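Single-letter residue listing:
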Amino acid sequence: MKILIALMAATLTLIVATTAQAFCGFYVARADTSLFNRASQVVLVRDGDRTVITMANDFEGDVKDFAVVIPVPTMIEREQINVGDRAIVQHLDAYTAPRLVEYHDPDPCMRFEKMYNMAENDAALPSAQKELRRSARSRGVTIEASYTVGEYDILILAAAESKGLIRWLNENGYKIPRGAKKVVDSYLRQDMRFFVAKVNLEEQASLGYQYLRPLQVAYESNKFMLPIRLGTLNARGKQELYVYALTRSGRVETTNYRTVKIPSNVEVPEFVQDEFADFYRAMFEKQTKQHNERAVFLEYAWDMGWCDPCAADPLSANELRQLGVFWLGRQGGRESKIMAPQAQNVFVTRLHVRYDSEHFPEDLMFQETGDRQNYQGRYVIRHPWKGATTCDLTRYNADVQKRQEREAQALANLTGWDIEDIRNKIPFANDGAPEPEKEPWWKRLWS
Amino acid sequence: MRLPGTRSFLLRDPRYYQIAVLSSLLLFGVFVLDFGIHWQNAVVIVATALCVQYLGSRYAQLPGFNPLSPLITSLSLTLLLRTDELVIAAIAASIAIGSKFLIRVGGKHVFNPANVALVTMMLASDHAWVSSGQWGSAAIGAFTLACLGFLVLTRARRAETTVAFLVFFAALLFGRAAWLGDPLAIPMHQLQNGALLIFAFFMISDPKTTPDSPRGRILYAAIVAAVAFTIQFIYYTPNGPILALIMSAPFVPLIDRFMRGRHYHWLSRDALSGKQIKGAIR
């Protein structure tokens, strides 16, 4: 997808918060994209042939080292490019992230029945740009357009063949990895252009941002796809990619790779609350392996109008418009930030893929389906009753103990963690009850 | 080892084998892999298809009611059609079987039943779609073997369409990769597609909706492959083969006019007249 020149490092944060009670349990924690290093996030707004793509990344090096080269299916005009707001992508990430919820056992002794802020810069071409054009022509590269948008210098390049393009890019500070020639050739033959962007240091200084804002491009093309092949050339191993698709009718899936639902609604031991990040990483790792590293995972699919439980509020109509949801009409200033549960005509799909060239040889191709069934990665912890007791708890404790054993097994299955380690972390409710039947040591020896 | 009983049974009517393969695939898909198919859809589609076939047989005054063809149609339809509404599943099954009785040219039905139902529903409703990429590689491998087994068992009788389509389509994919300079992994990956296999072995293969002469069938397969490739790799629209089949259907009566051949009957005399088979049946 993109070529980032410097190493990226991500801080690992886990936001733990408690919010209002909801039907699907108390929301405890979420596994957002900051769990994974080198994660790119792409928001794809799509309806008919119209696409708005927002590209955010966790680049944390020196901005002067930042550059992206992205194949695009059409010529891009100045007004089709925008610099977006990183906070909105973060909000979308938080809203769609897999979540941990908790329930508290009731008192067992009670009886129960059962794109618009562009810098103006259209004056005569400065001499530096004329020079750029000259050097480009000599390499057989056509700079179809060059724009400065926000803190980015952007060029739209077309070329007759890859050799000149790659040499020109290398000469101009875009370090293109070896092996790129074939892929670039392939894209050129498919009539794709190259969208290249670098940070304009002066603009960046005058704008005063400490981080890079996401780039947005709007275009019309029947290709509903994400070019990932250039990204696989970097010898940095597997890449982590999140795609948030915002569509009018329903869930988005890949047509040339399997889209698999991430396991959900699993009850896990209480201690997962403190290790949710580790838990999710281990589970994702195991799931990828289980599907031969060739699957795209569905982490969230929901109508944007509501959520239950909410890892974050749904995005407001204004935020959605900024992400490029063009079918939402402009609204007056009366809009409240917290949405009432109303249909917004926006369906969000969150896909998570870990890819490399061996397992994902082809670009990701998508299609919009009519499926509006809500889906979320949701993990549940149940706290046993810890309050005062007024009756004999033998039966309750035996039940809890069985449940805890089930939870331990579920966790071991999901993550591949050692069952004994898991059991050691669980405060079993064995008040008067017999010890849980331990499975023999050889039971999981070869499984 | 010889299994004369099984062999004759399968040879007498290849549809038994097709039904066995499709239903095991469906069971595997629903209960083992998560294909996104609900068992309710399968029940509704099969029941509707059988009802419509029964009514159609009476309307057309056919000698009897044969459930084999509508079963194959409904199984293919269940495997390919995704919908969250049972009504759509029922309408699709009705269109599939109904089209056999209502849209006929020169004594043959024009459209492949499952195909016409899929395309109509995809165009008419937002709630119908085809998930072509939802098969794991293990499922594709097993399914490919089962399909090849079918070719061996029937000695590729009437299988020109399937083989020719796969050969032409693969040639176009490899040709594209060669022209683009792409690694071979890309066309290989494009061919490993469950929906493509169902299409090649259970849809385009339908002898009732393909030309009567062998040369005609090969020509037809080439047309479908070219149209499918154009849709998928020039217009970048998914489900190329399925759309291509319905677009190419009008060529069948045309090809039949210029290349004469014999109409196909499932229990044809030549299927029963071979010495070996005769012996086996006895």
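Residues numbered from 1 in each chain as written. Chains lettered and ligands numbered in written order. Predicted model: local features only at pLDDT ≥ 70, side-chain atom pairs only at ≥ 80, totals over all residues. Heavy atoms only, no water.

Chemist: Where do I start with the overall build of chain B in this structure?
Modeler: Assigned secondary structure in chain B consists of 15 helices and 4 strands. Burial status across chain B gives 52% buried among its 282 residues. Put simply, of all contacts in chain B between residues at least 6 apart along the chain, 77% involve residues at least 24 apart. Accessible surface computed for chain B: about 13,000 Å², of which carbon and sulfur atoms make up 68%. (Helix = DSSP H or I, 4+ residues; strand = E, 2+ residues; numbered from the N terminus. Buried < 20%, exposed > 50% of the residue type's maximum accessible area, 1.4 Å probe, protein only. Contact = heavy atoms within 4.5 Å. Areas by Shrake-Rupley, 256 points an atom, 1.4 Å probe, with all protein chains shown as cover.)

Chemist: How should I be thinking about the packing of helix α8 (residues 160-180) of chain B against helix α10 (residues 194-203) of chain B in this particular structure?
Modeler: Geometrically, a packed helix pair is captured by the angle between its two axes and the distance between the axes. Residue and element names in this part refer to chain B. Look at α8 against α10: their axes get within 8 Å of each other, and the N-to-C directions meet at 140 degrees. Taken together, α8 and α10 sit at an angle that is classed as oblique. Touching T162, F165, L166 and F169 of α8 are L196, F199, A200 and F201, all from α10. Residues of the contact of α8 with α10, tallied by class, amount to 7 nonpolar, 1 polar and no charged. (Axes fitted to C-alpha atoms, helices over the stretch in contact; angles between N-to-C directions. Parallel < 35°, antiparallel > 145°, perpendicular 65-115°, else oblique. Nonpolar A, V, L, I, M, F, W, Y, C, P; charged D, E, K, R; others polar.)

Chemist: What should I look at first to understand a nonpolar patch on the surface in this one?
Modeler: Residues and elements named next belong to chain A. On the surface, a cluster of nonpolar side chains totalling about 640 Å² of accessible area is made up of W441, W442, L445 and W446. Looking at the secondary structure, you find W446 in the segment after α9 (419-425). Relative accessible area serves as the criterion here: at 78%, W446 is assigned to the exposed category. (Patch = residues over 30% accessible without salt bridge, like charges linked within 9 Å, V, L, I, M, F, W, Y side chains within 5 Å. Salt bridge = Lys/Arg side-chain N within 4 Å of Asp/Glu carboxyl O.)

Chemist: It is not clear to me how the pattern of salt bridges should be interpreted in this structure. Could you clarify?
Modeler: When their charged atoms lie close together, side chains carrying opposite charge are able to pair. Considering all chains together, one arrives at 25 salt bridges over all chains under this definition. Put simply, E407(A) and R403(A) hold a salt bridge, and the shortest N to O gap is 3.7 Å. Placement of both E407(A) and R403(A) in helix α8 (residues 394-415) is noted, with a separation of 4 residues, approximately one turn of the helix. Residue classification places E407(A) among the buried residues on the basis of a relative accessible area of 3%. Notably, a salt bridge pairs E160(B) with R217(B), separated by 2.9 Å at the nearest N-O pair. Note that E160(B) is positioned in helix α8 and R217(B) in helix α11 (residues 214-234), a separation of 57 residues in sequence. Several salt bridges converge on common partners, so that one network encompasses E240(A), E285(A), K289(A) and R354(A).

Chemist: Would you explain the packing of helix α6 (residues 113-124) of chain B against helix α12 (residues 240-248) of chain B in this entry?
Modeler: All names here are of chain B. In contact at an axis separation of 9 Å, α6 and α12 are set at 110 degrees when each is read in the N-to-C sense. Viewed along their axes, α6 and α12 adopt a mutual orientation that is roughly perpendicular. When α6 is examined against α12, the residues N115, V116, L118 and V119 are found in contact with a partner set consisting of I242, L243, L245 and I246. When grouped by side-chain class, the residues that make up the contact of α6 with α12 number 7 nonpolar, 1 polar and no charged.

Chemist: What is the right way to read the interface of chain A and chain B from this model?
Modeler: Interfaces are frequently sized by the accessible area removed from exposure as the parts join. Listed per partner, the contact involves 27 residues of chain A and 29 residues of chain B. Contact with chain B buries surface across chain A, with R189(A), R258(A) and E362(A) losing the most and accounting together for 25% of the total. At the boundary of chain A with chain B, the tally comes to 1 salt bridge. A salt bridge links D182(B) to R229(A), with the shortest nitrogen-to-oxygen separation between them at 3.1 Å. At the level of secondary structure, the elements contributing two or more residues to the side of chain A that touches chain B comprise α4 (180-189), β13 (252-254), β14 (258-261) and β18 (364-368) of chain A. The element that contributes the greatest number of residues to the side of chain A that touches chain B is α4(A), accounting for 4 residues. Residues of the side of chain A that touches chain B, tallied by class, amount to 3 nonpolar, 12 polar and 12 charged. (Buried area = accessible area lost by both parts, 1.4 Å probe.)

Chemist: Help me understand the sheet that holds β13(A) in this model?
Modeler: Sheet strands pair via backbone hydrogen bonds, and the direction of the pair is either parallel or antiparallel. All names here are of chain A. Read from one edge of the open sheet, 3 strands run β11-β18-β13, paired in antiparallel fashion. The strands lining the two open edges of the sheet, one partner per strand, are β11 (225-226) and β13. Judged from the 3 bridges that link them, β13 and β18 form a sheet pairing that is antiparallel. Looking across to β18, one finds that E253 is bridged to Q367. (Pairing = 2+ DSSP bridges.)

Chemist: Where do I start with the side chain of R354(A) in this structure?
Modeler: Residues and elements named next belong to chain A. For R354, the location among the structural elements is in strand β17 (residues 347-355). Among the residues examined, R354 registers a relative accessible area of 11% and is labelled buried. A polar atom in the side chain of R354 sits 3.1 Å from the side chain of E240. Among the polar contacts made by the side chain of R354, one reaches the side chain of E285 at a distance of 3.0 Å. (Polar contact = N/O pair within 3.5 Å; in protein donor to acceptor, adjacent residues only side chain to side chain.)

Chemist: When you look at the nonpolar core in this model, what are you seeing that I'm missing?
Modeler: Nonpolar side chains tend to gather and get buried jointly when the protein is soluble and globular. In terms of nonpolar packing, the biggest core is built from 76 residues, with L77(B), F143(B), F165(B) and F169(B) touching the most fellow members. In this structure, I70(A), F195(A), V272(A) and F279(A) belong to the second largest nonpolar core, which totals 71 residues. (Core = buried A, V, L, I, M, F, W, Y, C linked by side-chain atoms within 4.5 Å.)

Chemist: I tried to follow unusual backbone geometry on my own but got confused; where do I start?
Modeler: Leave glycine aside and you will find that most residues have negative phi; peptide bonds, for their part, are mostly trans. All names here are of chain A. Residue D308 is joined to P309 through a cis peptide bond whose omega torsion reads -5 degrees. Note that P309 resides in the loop between β16 (295-303) and α7 (317-322). For N292, which is not a glycine, the phi torsion comes out positive at approximately 55 degrees. With respect to the helices and strands, N292 occurs in the loop between α6 (276-290) and β16. Note on N292: relative accessible area 44%, which makes it partly exposed. With a phi close to 60 degrees, E293 is a non-glycine residue in the positive phi region. Position of E293 among the secondary structure elements: in the loop between α6 and β16. Using a relative accessible area of 18% as the deciding quantity, one classes E293 as buried.

Chemist: Just checking my understanding: could you explain the state of the cysteines for this structure?
Modeler: The term disulfide refers to a covalent linkage connecting the sulfur atoms of a pair of cysteines. All names here are of chain A. In the structure shown here, the tally under the stated rule is 1 disulfide over all chains. Two residues, C307 and C310, share a disulfide whose sulfurs are 2.0 Å apart. With the S-S bond torsion at 95 degrees, the cross-link from C307 to C310 turns out right-handed. (Disulfide = S-S within 2.5 Å.)

Chemist: Would you take a moment to explain the environment of S206(A) for this structure?
Modeler: Residues and elements named next belong to chain A. With respect to the secondary-structure elements, S206 resides in helix α5 (residues 201-207). With a relative accessible area of 58%, S206 lands in the exposed category. There is a polar contact of 3.0 Å between the side chain of S206 and the backbone oxygen of E203.

Chemist: Any chance you could explain the sheet that holds strand β4 (residues 67-72) of chain A here in plain terms?
Modeler: All names here are of chain A. Taken in spatial order, the 4 strands line up as β4-β9-β8-β7 in an open sheet, and their pairing is antiparallel. Lying at the two open borders of the sheet, with one neighbouring strand each, are β4 and β7 (141-149). Strand-to-strand twist of the sheet, defined as the mean angle between neighbouring strand axes without regard to direction, takes the value 20 degrees. Pairing geometry for β7 and strand β8 (residues 152-159), over 8 bridges, is antiparallel. Paired with S146 across the two strands is L155, which belongs to β8. Along the sheet, helix α3 (residues 162-171) contacts β7, β8 and β9 (193-199); its crossing angle with β8, the most-contacted strand, is approximately 160 degrees.

Chemist: Can you help me understand the packing of aromatic side chains in this one?
Modeler: The description of two aromatic rings rests on the distance between their centres and on the angle between their planes. Residues and elements named next belong to chain A. Within the structure shown, the criterion is met by 15 aromatic pairs over all chains. A centroid spacing of 5.5 Å and a plane angle of 75 degrees characterise the contact between Y95 and Y300, whose relative ring orientation is edge-to-face. Taken individually, Y95 and Y300 each receive the classification buried, so the pair is uniform in this respect. For the ring pair Y257 and F360, a centre distance of 4.5 Å and an interplane angle of 45 degrees mean the geometry is tilted. Taken together, the positions of Y257 in the loop between β13 and β14 and F360 in the loop between β17 and β18 put the pair 103 residues apart, joining distant regions of the chain. Of the two residues examined, Y257 and F360, each falls in the buried class. Among the aromatic residues, ring-to-ring pairing joins Y95, Y300, W302 and W306 into one connected group. (Phe/Tyr/Trp six-rings, centres within 6.5 Å; stacked < 30°, edge-to-face > 60°.)

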